[in-house]
Amino acid sequence: MSHKRVTKRKAIIAAGGVAALGAAAILLPQANASQDGGSNNAATVKTLKSGDASDLASQLAELLGDAFAGSYYDSDDKQLVINVVNVSGDENNVVVQAEKAGAKVREVENSTAELEAAAKTLKTKATIPGTSWAVDPKTNKILVTADSTVTGAKWDQIDSTVKTLGSGMATIKKSAGTLKPLVSGGDAIFGGDARCSLGFNVTAGDGSPAFLTAGHCGVAAKEWADSETGQPIATVDQATFPGDGDFALVKYDDPNTQAPSEVNTGQQTVAISQAADATVGTQVFRMGSTTGLNDGQVLGLDATVNYPEGTVTGLIQTDVCAEPGDSGGSLFTQDGQAIGLTSGGSGDCTVGGETFFQPVTTALAAVGATLGDGGGVGAGDAVGGDEAGAGDQAANGGQAADGGQAADGGQAADGGQDQNGNGGEEQGANAGQGEAVNGGQEQNQNGNGGEEQAANAGQGEAVNGGQNQNGNGQEDGSGLNESH
């Protein structure tokens, strides 16, 4: 039986116009690109691709503790910049370790705790519809934005609150547009009178195929179709908006729906390998049903946005344009990392503006879903991102069981063969996302002999006695450089 695959993007690039074509030109030649070697300071600062910089930033945040004051990715020099405060004594020794790990370290005035306290003051004294704020690690300040509706007494209130924080704590700017969730009536995925965009296909906690989209789409309609006049094909399971995020889990009504882990840009299909946290300065791409493919940079994290419908916290701020109908659409990197779901913003793809995204990692954790694996594929089928039955072949992140073959980062279990056909050996593709379990033997606690080759900075993982490219069951690189 053939099941409908709900990733249709009809006339998207045409709708996106020149901006979409420009983003596609950037994305196409650089997909799966990696930058290696070279730096301004060869002794310490490493040249990193954005995904590796994000992983290193997370590790260094734990290492530095209270001395950590944010980080960002310098896209020009391909370097990770770490902000630190009060570095002396033991803290200074930790900073030395951070530099040895490859980060560029700079001392700043405002600590993470001080910035968080300032954000709480804004929440208490200046929660005004049409305003937003987010931490900008490049300036080590909070960036406050007020849209065109914030005038008169409202402007005086937000302006005076920012001034009470001190000149070195926050900055404020006016936006010409209006902050709003980007939902409208029209094309793409449809629920009642609302039109939104599918974000990422996922597997729900009960194993059923589902997708993530914006929470304000999830509260706008319970059932969603893939055409304006079509019958519903998915039903909202969970939705959060406003409040602690803007995300919804929508389950496909047919449990055998093919739901591959990919984004169709209209020009190419980008395989989505994993969910990742955003890093300020990283180049990101947004796909939406109204404006197609557009790109820009991450500007701020942990953003608070005061929509007319209510306040939403924990968002990502970017300069990627978006318009009504793009809500819920995918934000991702050129190497296939899922970053966010389009929430809302101001402006459009003609004049630009601010756009905010729900972090995918937070949404997945909240709804109990995992990225990819649409599920329900029977024997004999070969698909991207789904599970193949005994003796079949799974590609692009799928799982092969009982003698099947796994390719492109898939998982081989119970004697299966990887793309090299070597029974229990697996090669992680695209930053080593593949995982070799129990050496291809029957899965049990004592399985041994698994071997795995991790590409690009030791991203692969070898478990239960497996060997990485250096052998002896050791991960490649130091603890600071290890990531999964």
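Residues numbered from 1 in each chain as written. Predicted model: local features only at pLDDT ≥ 70, side-chain atom pairs only at ≥ 80, totals over all residues. Heavy atoms only, no water.

S.K.: What should I look at first to understand the overall build of the chain in this one?
M.R.: Regarding its fold elements, the chain presents eight helices and 34 strands. Counting only contacts in the chain whose residues sit at least 6 apart along the sequence, the fraction spanning at least 24 positions is 59%. Accessible area of the chain: about 19300 Å², with a carbon and sulfur share of 45%. (Helix = DSSP H or I, 4+ residues; strand = E, 2+ residues; numbered from the N terminus. Contact = heavy atoms within 4.5 Å. Areas by Shrake-Rupley, 256 points an atom, 1.4 Å probe, with all protein chains shown as cover.)

S.K.: I would appreciate a short explanation of empty space enclosed by the protein in the present structure.
M.R.: A water-sized probe, rolled over the atoms, reveals where empty space remains. This structure, assessed with the given rule, holds one cavity of 30 Å³ or more. Put simply, the largest cavity is a space of about 50 Å³. Lining the largest cavity we find Ser 50, Gly 51, Ser 54, Asp 277, Ala 278, Thr 279, Thr 282, Val 284, Val 298, Thr 333, Gln 337 and Ile 339. Elements with a contribution of two residues or more to the lining of the largest cavity: helix 2 (50-64) and strand 22 (337-345). The biggest single contributor to the lining of the largest cavity is helix 2, with three residues. Taken together, the residues that form the lining of the largest cavity break down as four nonpolar, seven polar and one charged. (1 Å grid on protein atoms, 1.4 Å probe; cavity = no way out; pocket = protein on both sides within 12 Å on 5 of 7 lines; lining within 4 Å. Points joined across faces, edges and corners; volume = space filled by probe spheres on them. Nonpolar A, V, L, I, M, F, W, Y, C, P; charged D, E, K, R; others polar.)

S.K.: Would you take a moment to explain the environment of Phe 332 for this structure?
M.R.: By secondary structure assignment, the location of Phe 332 is in strand 21 (residues 330-332). Spatially, the C-alpha atom of Phe 332 lies 8.8 Å from that of Val 263, the residues being 69 residues apart in sequence.

S.K.: What's the story with the layout of surface pockets in this structure? I'm lost.
M.R.: Put simply, the second largest pocket is a space of about 860 Å³. Within the residue set of the lining of the second largest pocket, elements represented by two or more residues are helix 2, strand 1 (68-74), helix 4 (112-125), strand 4 (131-136), strand 19 (292-307), strand 20 (310-318) and helix 7 (360-367). Ranked by residue count, the leading element in the lining of the second largest pocket is helix 4, at six residues. Among the residues making up the lining of the second largest pocket, the classes are represented as 16 nonpolar, eleven polar and five charged.

S.K.: For this particular structure, what's the right way to read the environment of Ala 61?
M.R.: The residue Ala 61 is located in helix 2 in this model. According to the relative accessible area criterion, Ala 61 is partly exposed, its value standing at 25%. Expressed as a C-alpha distance, the spacing of Ala 61 and Ile 82, which sit 21 residues apart in the sequence, is 8.7 Å. (Buried < 20%, exposed > 50% of the residue type's maximum accessible area, 1.4 Å probe, protein only.)

S.K.: Looking at this structure, how should I read helix 4?
M.R.: Because an α-helix packs 3.6 residues into every turn, residues spaced three or four apart end up facing the same way. Between the first and last C-alpha of helix 4 there are 20 Å, a value that for 14 residues agrees with the 20 Å anticipated at 1.5 Å per step. Buried within helix 4 we find Leu 115, Ala 118 and Leu 122. An end-on view of helix 4 places all buried positions within 60° of arc, on one side of the element. Opposite the buried face of helix 4, by more than 90 degrees, sit the exposed residues Ala 113, Lys 120, Lys 123 and Thr 124. Each element contacted by the buried residues of helix 4 is listed here: strand 4, strand 5 (141-146) and helix 5 (152-164). (Expected span 1.5 Å × (residues − 1). Arc of directions from axis to C-beta.)

S.K.: Help me understand the pairing of strand 23 (residues 355-359), please; the structure alone is not making it clear to me.
M.R.: When a strand is regular, its side chains alternate between the sheet's two faces. In terms of burial, strand 23 is a largely internal element, five of the five residues being buried. Strand direction decides the pairing type here: strand 20 and strand 23, joined by three bridges, are antiparallel. The residue bridging Ile 316 from the neighbouring strand is Phe 357, located in strand 23. Direction of pairing for strand 22 relative to strand 23: antiparallel, over a ladder of five bridges. Bridged to Gly 345 within strand 23 is Thr 355. (Pairing = 2+ DSSP bridges.)

S.K.: What should I look at first to understand the packing of helix 4 against helix 5 in this one?
M.R.: Packed helices, taken two at a time, are described by the angle between their axes plus the distance between the axes. Helix 5 packs onto helix 4 with a crossing angle of 155° between their chain directions and a minimal axis gap of 10 Å. In terms of axis orientation, helix 4 runs roughly antiparallel to helix 5. The handedness of the crossing between helix 4 and helix 5 comes out as right-handed. Note on element contacts: helix 5 touches helix 4 through Gln 157, Ile 158, Thr 161 and Val 162, opposite Thr 121, Leu 122 and Lys 125. Looking at the contact of helix 4 with helix 5 residue by residue, the classes come out as three nonpolar, three polar and one charged. (Axes fitted to C-alpha atoms, helices over the stretch in contact; angles between N-to-C directions. Parallel < 35°, antiparallel > 145°, perpendicular 65-115°, else oblique. Left-handed = near helix turned anticlockwise from the far one by under 90°.)

S.K.: How should the environment of Thr 164 be read in this particular structure?
M.R.: As for its placement among the helices and strands, Thr 164 is situated in helix 5. Judged by its relative accessible area of 56%, Thr 164 falls in the exposed class. In this structure the C-alpha to C-alpha distance between Thr 164 and Ala 118, which are 46 residues apart in sequence, comes to 9.6 Å.

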